[in-house]
Amino acid sequence: MTSIYDTQELISAKTVPKIDCHTHIVTAAIRDEYFSRTDGLALVMQMPDSIMKNPDCVATVLSDPRLFLCAAIDLKAPIAPQLNAIAPKIEAHKIVGLKIYLTYQRGRADDEKMTPVYDFARRHRLTVTFHTGLCSLVLPTDNDMAGSDARHIERAAQKYPDVNFVIAHLDDPRFRPCVEILARNDNLYSDVSGAYETGTKEGNDVDGAIEIFKDAILSQPGMEKKILYGTDFCPLLNMGQLDEYDTTIERIFRPRDVRAVYFDNCLRAFPRLSDYII
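Residues numbered from 1 in each chain as written. Predicted model: local features only at pLDDT ≥ 70, side-chain atom pairs only at ≥ 80, totals over all residues. Heavy atoms only, no water.

**With respect to the sheet that holds strand β5 (residues 127–131)**
Strands in a sheet are paired, the pairing made by backbone hydrogen bonds, and the direction either parallel or antiparallel.
Here comes step 1: Here seven strands make up an open sheet; going across it, the order is β1-β2-β3-β4-β5-β6-β7 and the pairing parallel. Each edge of the open sheet carries a strand with a single partner, namely β1 (19–23) and β7 (188–190). On average, adjacent strands in this sheet sit at an angle of 25° to one another, irrespective of strand direction.
Here comes step 2: Taken together, the five bridges between strand β3 (residues 67–73) and strand β4 (residues 95–101) define a ladder with parallel strand orientation. Residue pairing across strands places A71 opposite L98, the latter belonging to β4. (Pairing = 2+ DSSP bridges. Helix = DSSP H or I, 4+ residues; strand = E, 2+ residues; numbered from the N terminus. Axes fitted to C-alpha atoms, helices over the stretch in contact; angles between N-to-C directions.)

Structure (structure tokens):
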């Protein structure tokens, strides 16, 4: 039986503030659709042109005070010039993190060539988000599943304990091993963004997918402090789902932990974000 106290918790869970840690709101049209359906804050993951051209990404972020940027690092291009170009734009472009597209682009988080990225992130208080695991059904990919394994990210995170890393997509489908890695590393976070892309088995069976995520996430204690709310919102890529992520969070986590997953964890994972909203 639900007590009055539990009911009050459930009501508050529906009204907590939200930070969407992972979107591709890269055009004004996508921005307008997103904010017609929800009202919160959102981090926009810029994409390398070799994966998807998104020339209006920065302008879209700058067009709305609720949007913040994670600048793309293209592993198919020299890294140092990219970092040099990003550095003077951090404040002006509201950059709170960097995004690296493992699996799509061949490489590993513990490759030596990644060292300048992590030094840069530490110097500027930026968070590094990695695509991990399976890719979009519609984007070009090197399909380097082995390279995106979260075990490589763990090794990088242990070398850089003062940099936060996000293992996006819970290393799909290596969910349980990913959760084990999260549990033993303070500077690692994850999400299940993009899970319900149209045409995927998860998109075709949301209830079944939630049970799989729940089994993995609750296999280790403390995940209410490690999982972030993220949607991967981008209708251009058949990822226009929002309600499914609310359902996922509220079926997995206790009502008293929902605010952490929706909001507080993202502030801890992305420390530079606090400069803009606190």
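**A word on the packing of helix α7 (residues 175–183) against helix α9 (residues 206–217)**
Here comes step 1: Remark: α7 packs on α9, axes separated minimally by 8 Å, with the N-to-C direction vectors making an angle of 35°. Considering how the two elements wind past one another, α7 and α9 form a crossing that is right-handed. Counted together, F175, R176 and V179 of α7 and I212, F213, D215, A216 and I217 of α9 form the full contact between these two elements.
Here comes step 2: Its residues placed into classes, the contact of α7 with α9 shows six nonpolar, no polar and two charged. (Left-handed = near helix turned anticlockwise from the far one by under 90°. Contact = heavy atoms within 4.5 Å. Nonpolar A, V, L, I, M, F, W, Y, C, P; charged D, E, K, R; others polar.)

**Let's talk about empty space enclosed by the protein**
Here comes step 1: Evaluation of the coordinates by the stated rule reveals one cavity of 30 Å³ or more.
Here comes step 2: Reported here for the largest cavity is a volume of approximately 70 Å³.
Here comes step 3: If you go around the largest cavity, the residues you meet are V192, I217, I227, L228, Y229, G230, Y245, T248, I249, I252 and F253.
Here comes step 4: When the residues that make up the lining of the largest cavity are grouped by side-chain class, the tally is nine nonpolar, two polar and no charged. (1 Å grid on protein atoms, 1.4 Å probe; cavity = no way out; pocket = protein on both sides within 12 Å on 5 of 7 lines; lining within 4 Å. Points joined across faces, edges and corners; volume = space filled by probe spheres on them.)

**Observations regarding unusual backbone geometry**
Here comes step 1: P173 follows D172 through a cis peptide bond whose omega is 5°.
Here comes step 2: The residue P173 is located in the loop between β6 (165–168) and α7 in this model.
Here comes step 3: Of note, the phi angle at R125 is positive, near 60°, even though the residue is not glycine.
Here comes step 4: With respect to the secondary-structure elements, R125 resides in the loop between α5 (115–124) and β5.
Here comes step 5: Residue N143 is not a glycine yet carries a positive backbone phi of 55°.
Here comes step 6: By the secondary structure assignment, N143 is in the loop between β5 and α6 (150–159).

**Re the nonpolar core**
Here comes step 1: Counting residues in each nonpolar core, the largest one holds 97 residues, and the members touching the most others are Y118, F165 and F270.
Here comes step 2: Sequence-distant contacts of F270, defined by excluding residues within four places in its chain, comprise C21, L43, C70, V96, T127, T129, V166 and L228. (Core = buried A, V, L, I, M, F, W, Y, C linked by side-chain atoms within 4.5 Å. Buried < 20%, exposed > 50% of the residue type's maximum accessible area, 1.4 Å probe, protein only.)

**Re the pairing of β3**
Here comes step 1: Of all seven residues in β3, seven are buried, a share of seventy percent or more.
Here comes step 2: Pairing of strand β2 (residues 41–45) with β3, which is carried by four bridges, proceeds in the parallel orientation. Looking at the pairing, V44 lines up with L69 of β3.
Here comes step 3: The parallel pair β2 and β3 is bridged by helix α3 (residues 57–62), and the resulting crossover is right-handed.
Here comes step 4: Once you follow β3 into helix α4 (residues 79–86) and on to β4, the crossover reads as right-handed. (Right-handed = clockwise from strand over helix to strand, strands pointing away.)

**Looking at the side chain of E197**
Here comes step 1: Relative to the elements of secondary structure, E197 occurs in the loop between β7 and α8 (201–204).
Here comes step 2: The charged side chain of E197 is buried without a salt bridge, its nearest counter-charge being K99 at 12 Å.
Here comes step 3: Aside from chain neighbours lying at most four places away, what touches E197 is C135, S136, L137, V138, G203, L237, N238, M239 and Q241. (Lys, Arg positive; Asp, Glu negative; His and termini not counted. Salt bridge = Lys/Arg side-chain N within 4 Å of Asp/Glu carboxyl O.)

**Things to note about α5**
Here comes step 1: Taken together, the buried positions of α5 are occupied by V117, Y118, F120 and A121. Along the long axis of α5, the arc covered by the buried residues comes to 160°, so they all point the same way.
Here comes step 2: In this structure, the buried side of α5 is in contact with β3, α4, β4, β5, α6 and β6.
Here comes step 3: Taken from the residues just after α5, R125 is the one with a positive phi, measuring 60°. (Arc of directions from axis to C-beta.)

**Some remarks on the side chain of Q82**
Here comes step 1: Positionally, Q82 belongs in helix α4.
Here comes step 2: Every residue in contact with Q82, bar those within four places of it in the chain, is listed here: A72, I73, D74 and A77.

Interpretation in functional terms is not warranted from these geometric data alone.
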